[in-house]
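Analysis of the macromolecular model
Here is how the chains run, residue by residue.
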Amino acid sequence: MTTALPAALRFERRALTHPDAVRLIDEVQAEYVALYGGPDSAPIDDTEFAGDAGRFYVGYLGDEPVAMGAWRRLARAPSGQPEPCAEVKRMYVAAAYRRRGLARQVLALLERAAAAAGTRSLVLETGLRQPEAMRLYESCGYRPIPNYGHYRDSGLSRCFGKTLGPADTP
């Protein structure tokens, strides 16, 4: 039995307002409503991903937008995380395309892009009702950290952090 290799995503840097980004954001927000009873309420805006402030990417298989992910610089790193620090946001793979290694490709791109921009660590938040996401992050070297920022007092959130090293740079 042979195991098929995951398809390689083609990434494009996009604005939050790009139609492909909007579609994927709407999909992930619908999943949050189903899992948690409401959308992600963390403040986020397009300027956080412009210039050197961060990056927002959409991943395509052919012409189909199937995944997304972003990072944004933080003014101050959560306790114990090296500066400069950035936060992973909007990690998502469309349901029909899961279990193909695409989320791992998105995360690897975000790590490389953030490291290339001088970021020393990444942090992120995911929910307790997303065990697959938690397993992915831990398998990629992220370790649990205290909840921070918008999610500091959320009992349904789990936060993770990772120090980026030379292997994460292009």
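Everything below is about the structure printed above this text.
Residues numbered from 1 in each chain as written. Predicted model: local features only at pLDDT ≥ 70, side-chain atom pairs only at ≥ 80, totals over all residues. Heavy atoms only, no water.

Observations regarding helix H1 (residues 19-36)
Across its 18 residues, H1 extends 25 Å between first and last C-alpha, which sits within 8% of the 26 Å expected from 1.5 Å per residue. Among all positions in H1, only Asp20, Ala21, Leu24, Ile25, Val28, Gln29 and Tyr32 are buried. In an axial view of H1, the angular spread of the buried residues amounts to 160°, which keeps them on one side of the axis. What points out from H1, more than 90 degrees from its buried face, is the exposed set Pro19, Asp26 and Ala34. Of the surrounding elements, those touching the buried residues of H1 are strand E2 (54-61), strand E3 (64-73) and strand E4 (85-93). Positive phi shows up at Gly37, right after H1, with a value of about 90°. (Helix = DSSP H or I, 4+ residues; strand = E, 2+ residues; numbered from the N terminus. Expected span 1.5 Å × (residues − 1). Buried < 20%, exposed > 50% of the residue type's maximum accessible area, 1.4 Å probe, protein only. Arc of directions from axis to C-beta. Contact = heavy atoms within 4.5 Å.)

Quick word on the layout of surface pockets
Its volume calculated, the largest pocket comes out at about 1200 Å³. Lining the largest pocket are 39 residues, with Met91, Thr126, Gln130, Ala133 and Tyr137 positioned closest to its centre. For the lining of the largest pocket, the secondary structure elements donating two or more residues are H1, E4, helix H2 (102-116), strand E5 (121-127) and helix H3 (131-139). Counting residues per element, the lining of the largest pocket draws most heavily on E4, at six residues. For the lining of the largest pocket, a count of residues per class yields 18 nonpolar, nine polar and twelve charged. The calculated volume of the second largest pocket comes to roughly 300 Å³. Lining the second largest pocket we find 17 residues, and of these Arg76, Pro78, Tyr148, Gly149 and Arg152 sit closest to its centre. Classifying every residue of the lining of the second largest pocket by side-chain character gives nine nonpolar, four polar and four charged. (1 Å grid on protein atoms, 1.4 Å probe; cavity = no way out; pocket = protein on both sides within 12 Å on 5 of 7 lines; lining within 4 Å. Points joined across faces, edges and corners; volume = space filled by probe spheres on them. Nonpolar A, V, L, I, M, F, W, Y, C, P; charged D, E, K, R; others polar.)

Points about the pairing of E5
The side chains of a regular strand alternate between the sheet's two faces. Where burial is concerned, most of E5 is hidden: seven out of the seven residues are buried. Here E5 shows a buried face lined by Ser121, Val123, Glu125 and Gly127 and a second buried face lined by Leu122, Leu124 and Thr126. Pairing between E4 and E5: three bridges, direction parallel. When the bridges of E5 are listed, Ala86 appears paired with Leu122. Each parallel crossover has a hand, and for E4 linked through H2 to E5 it is right-handed. Judged from the seven bridges that link them, E5 and strand E7 (residues 157-163) form a sheet pairing that is antiparallel. Bridge pairing links Leu124 to Phe160 in E7. (Pairing = 2+ DSSP bridges. Right-handed = clockwise from strand over helix to strand, strands pointing away.)

Note that every value here comes from positions in space, so none of it alone points to a role or purpose.
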